[in-house]
Amino acid sequence: VKCIGILTSGGDAPGMNAAIRAVTRAAIYNGLQVKGIYRGYRGLVTGEIKEFKSQNVSNIIQLGGTILKTARCQEFTTPEGRQIAYDNMKKEGIDALVIIGGDGSLTGARIFAQEFDVPCIGLPGTIDNDLYGTDTTIGYDTALNTILDAVDKIRDTATSHERLFFVEVMGRDAGFLALNGAIASGAEAAIIPEFSTEVDQLEEFIKNGFRKSKNSSIVIVAESELTGGAMHFAERVKNEYPQYDVRVTILGHLQRGGSPTAHDRILASRLGAAAIDAIMEGQRNVMIGIEHDEVVYVPFTKAIKNDKPIKKDLVNVLRELSI
Ligand code: ADP
C-alpha cells in the first residue's frame with residue numbers, strides 16, 4: 001500500500017475531524033500518501049478527491065462535523081456505482097480505504113471489499129454507539145454530554161412549573177444515549193428499544209403519582225419505531241392522566257454537533273493511528289475498535305448487523321436511583 005483514501009460517510013458525528021487528522025498524520029508519518037474523498041462514497045463515484053498533506057488537517061481536532069463532508073450515496077449501493085468508484089480509486093492511485101462511519105457505511109465497505117481486491121479499514125463514527133466490538137464509538141461521548149447539558153436546562157424549567165417532560169434523544173434503534181443520558185442527568189425513567197419492560201415501569205411510575213417529594217419529572221425516550229418516540233408517550237399520558245402538565249422536547253440534530261469531548265478526541269486519535277498500523281500490518285476488512293482500553297480488530301461481518309447489548313445493570317441503576 002502506497003496511497004490511502006479517507007472518507008466520512010452516513011450520519012456525521014463529533015470527533016470525525018479528529019479521526020481524519022489522526023489517519024492523515026499517521027499515514028504520512030508511515031510514508032504513505034493520503035487522499036481525502038469528499039461526501040462519503042459519493043465523492044468516490046464522482047471523483048471529488050484531493051491530496052491531503054499534514055497541514056490540510058491542521059486546527060481541526062476541536063471542530064464538530066467533518067471537513068470532508070458526509071452524504072448518503074444511492075449509487076454506491078449498486079454494482080455499477082461501485083465499479084465507477086473502483087475505477088476512480090485506481091485512477092487516483094488509491095490502494096486502500098479508511099472509512100469513518102456507522103453501520104450502513106461499514107456495510108458498504110464490506111460489500112466493496114468483497115467485490116474488489118481493496119483493503120478497507122473502518123472506524124466506528126456514530127453518536128448512536130451501535131457498533132459491536134468497540135466499547136464506544138466516535139461521537140457518542142460528545143452527544144451524551146450534549147444531552148446532559150440540555151436535560152439540566154430542561155430540569156430548571158420543569159421544576160419551576162412542576163411539569164412532566166418527555167425528552168426524545170437520538171440513537172436509531174439503540175438505547176445507549178437514552179439510558180446513559182437518563183442516568184447521568186438524574187432523569188426519572190428511560191424508554192429504550194432494548195427493554196420493553198421500561199414501559200411498564202413508566203406506567204407504574206405514573207400511577208404512583210411521580211412520588212410526592214418530587215416536583216418535576218423527566219423521562220428520556222429513545223427515538224425509534226420500537227418506542228414510538230416522546231410524542232407517543234406524551235399523548236398517552238395526557239389522555240389517561242389529564243392532571244399532569246405534560247411537555248415534550250425533541251433534542252434533534254443539536255445532538256450531532258459541537259466540539260468533541262476529550263474522550264472522543266482521544267478515541268478518534270487512537271483509532272485513526274491504529275487504522276494505519278492495521279494497513280501497515282496487512283490487515284483488511286476490519287473495523288478498529290477499543291475494548292477494555294486495548295485496540296482490537298473486528299471483522300466487518302461481526303461489527304455490523306450484530307446487536308450490541310445494553311448492560312442490564314445500567315437499567316437497574318436507573319431504577320434504583322430514581323426512587
Ligand atoms: P451510517 O453509516 O451512518 O449508518 P447509512 O446507513 O446512511 O449511514 O449509510 C451510508 C452510506 O453507506 C449509504 O448512503 C450508502 O452509500 C452506503 N451503504 C449503506 N448500506 C449499503 C449497502 N448495503 N451496500 C452498499 N452501500 C451501502
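Since the structure is predicted, the reported quantities are computational estimates derived from the model, not experimental observations.

Concerning the packing of helix α1 (residues 16-29) against helix α9 (residues 262-280)
Now for step 1: Between α1 and α9, whose axes approach to 7 Å, the crossing angle comes to 35 degrees. Handedness of the α1/α9 crossing: right-handed. Along the contact surface, α1 presents Ala18, Ala19, Ala22, Val23, Ala26 and Ala27, while α9 presents Arg265, Ala268, Ser269, Gly272, Ala273 and Ile276.
Now for step 2: Residues belonging to the contact of α1 with α9 are distributed by class as follows: nine nonpolar, two polar and one charged.

Quick word on the sheet that holds strand β7 (residues 189-191)
Now for step 1: Strand order in the open sheet formed by four strands is β7-β8-β6-β9, and the pairing between neighbours is parallel. Two strands in the sheet have a free side with no partner beyond their single neighbour: β7 and β9 (246-250). Averaged over all pairs of adjacent strands, the angle between their axes in this sheet comes to 20 degrees, without regard to strand direction.
Now for step 2: For strand β6 (residues 164-169) and strand β8 (residues 217-222), the ladder comprises six bridges, and the chain directions are parallel. Looking at β8, one finds that valine 167 is bridged to isoleucine 220.
Now for step 3: Where helix α8 (residues 229-240) meets the sheet, its contacts fall on β6, β7, β8 and β9, and the angle it forms with β6 comes to roughly 160 degrees.

Let's talk about the pairing of strand β10 (residues 286-291)
Now for step 1: Most of β10 is tucked away: five of the six residues are buried.
Now for step 2: Where strand β5 (residues 120-124) and β10 come together, two bridges link them in parallel fashion. Its bridge partner being in β10, glycine 122 is matched across the sheet by methionine 287.
Now for step 3: Pairing geometry for β10 and strand β11 (residues 294-299), over six bridges, is antiparallel. Along β11, the bridge assignment pairs valine 286 with proline 299.
Now for step 4: Joining the antiparallel neighbours β10 and β11 is a turn of two residues, in which histidine 292 adopts a positive phi near 50 degrees.

Focus: the pairing of strand β1 (residues 3-8)
Side chains on a regular strand alternate between the two faces of the sheet.
Now for step 1: Counting buried positions along β1 yields six of six residues, so the element is predominantly enclosed.
Now for step 2: The side-chain alternation of β1 yields two buried faces, one formed by Cys3, Gly5 and Leu7 and the other by Ile4, Ile6 and Thr8.
Now for step 3: Pairing between β1 and strand β2 (residues 33-37): four bridges, direction parallel. The residue of β2 that forms the bridge with glycine 5 is lysine 35.
Now for step 4: Chirality of the crossover, the property in question, places the unit of β1, α1 and β2 among those that are right-handed.

As for the site of the ligand
Now for step 1: Neighbouring the ligand are 17 residues; Arg72, Cys73, Gly104, Ser105 and Arg172 lie closest to it.
Now for step 2: One nitrogen or oxygen atom from the main chain of aspartate 103 is found 3.4 Å from an oxygen atom belonging to the ligand.
Now for step 3: Protein coverage of the free-state accessible area of the ligand, which is 560 Å², stands at 81%.
Now for step 4: Among the cavities detected, the one that contains the ligand is the largest pocket.
Now for step 5: No other element matches helix α4 (residues 103-115), which puts six residues into the shell around the ligand.

Brief notes about helix α3 (residues 79-91)
Now for step 1: The first and last C-alpha atoms of α3 sit 18 Å apart over 13 residues, in line with the 18 Å expected at 1.5 Å per residue.
Now for step 2: If you follow the buried residues of α3, they end up packed against α2 (41-46), β4 (96-101) and α4.

Here's the deal with the nonpolar core
Now for step 1: Grouped together as the largest cluster of nonpolar side chains are 64 residues, with contacts concentrated most on Ile4, Leu123, Val167, Leu177, Ile220 and Ile288.
Now for step 2: Those residues within four positions of leucine 123 in sequence are excluded, and the remaining contacts are Ala19, Val23, Val98, Ile99, Ile100, Gly101, Leu106, Leu271, Gly272, Ala275 and Ile288.
Now for step 3: Counting residues in hydrophobic clusters, the runner-up holds 28 residues, among them Cys3, Leu44, Ile49 and Ile99.

Let's talk about the pattern of salt bridges
Now for step 1: Within this structure, the stated rule accounts for 13 salt bridges.
Now for step 2: One salt bridge connects arginine 39 with glutamate 48, and the closest N-O pair in it is separated by 2.6 Å.
Now for step 3: Its relative accessible area of 31% is what places glutamate 48 among the partly exposed residues.
Now for step 4: Its salt-bridge partner being aspartate 149, residue lysine 153 comes within 3.7 Å of it at the nearest N-O pair.

Re the packing of aromatic side chains
Now for step 1: Per the stated rule, a full pass over the model turns up six aromatic pairs.
Now for step 2: Seen from their ring centres, tyrosine 38 and phenylalanine 52 are 6.5 Å apart, and the 70 degrees between their planes marks the pair as edge-to-face. Of the two residues, tyrosine 38 sits in the loop between β2 and α2 while phenylalanine 52 sits in the loop between β3 (49-51) and α3, which places them 14 residues apart along the sequence.
Now for step 3: Judged by centre distance (3.9 Å) and plane angle (5 degrees), the rings of tyrosine 41 and phenylalanine 76 are stacked.

Cut-offs used in this document
- Residues numbered from 1 in each chain as written.
- Predicted model: local features only at pLDDT ≥ 70, side-chain atom pairs only at ≥ 80, totals over all residues.
- Heavy atoms only, no water.
- Axes fitted to C-alpha atoms, helices over the stretch in contact; angles between N-to-C directions.
- Helix = DSSP H or I, 4+ residues; strand = E, 2+ residues; numbered from the N terminus.
- Left-handed = near helix turned anticlockwise from the far one by under 90°.
- Contact = heavy atoms within 4.5 Å.
- Nonpolar A, V, L, I, M, F, W, Y, C, P; charged D, E, K, R; others polar.
- Pairing = 2+ DSSP bridges.
- Buried < 20%, exposed > 50% of the residue type's maximum accessible area, 1.4 Å probe, protein only.
- Right-handed = clockwise from strand over helix to strand, strands pointing away.
- Near = heavy atom within 4 Å.
- Polar contact = N/O pair within 3.5 Å; in protein donor to acceptor, adjacent residues only side chain to side chain.
- Areas by Shrake-Rupley, 256 points an atom, 1.4 Å probe, with all protein chains shown as cover.
- 1 Å grid on protein atoms, 1.4 Å probe; cavity = no way out; pocket = protein on both sides within 12 Å on 5 of 7 lines; lining within 4 Å.
- Sits in = over half its atoms within 2 Å of the grid points.
- Expected span 1.5 Å × (residues − 1).
- Core = buried A, V, L, I, M, F, W, Y, C linked by side-chain atoms within 4.5 Å.
- Salt bridge = Lys/Arg side-chain N within 4 Å of Asp/Glu carboxyl O.
- Phe/Tyr/Trp six-rings, centres within 6.5 Å; stacked < 30°, edge-to-face > 60°.

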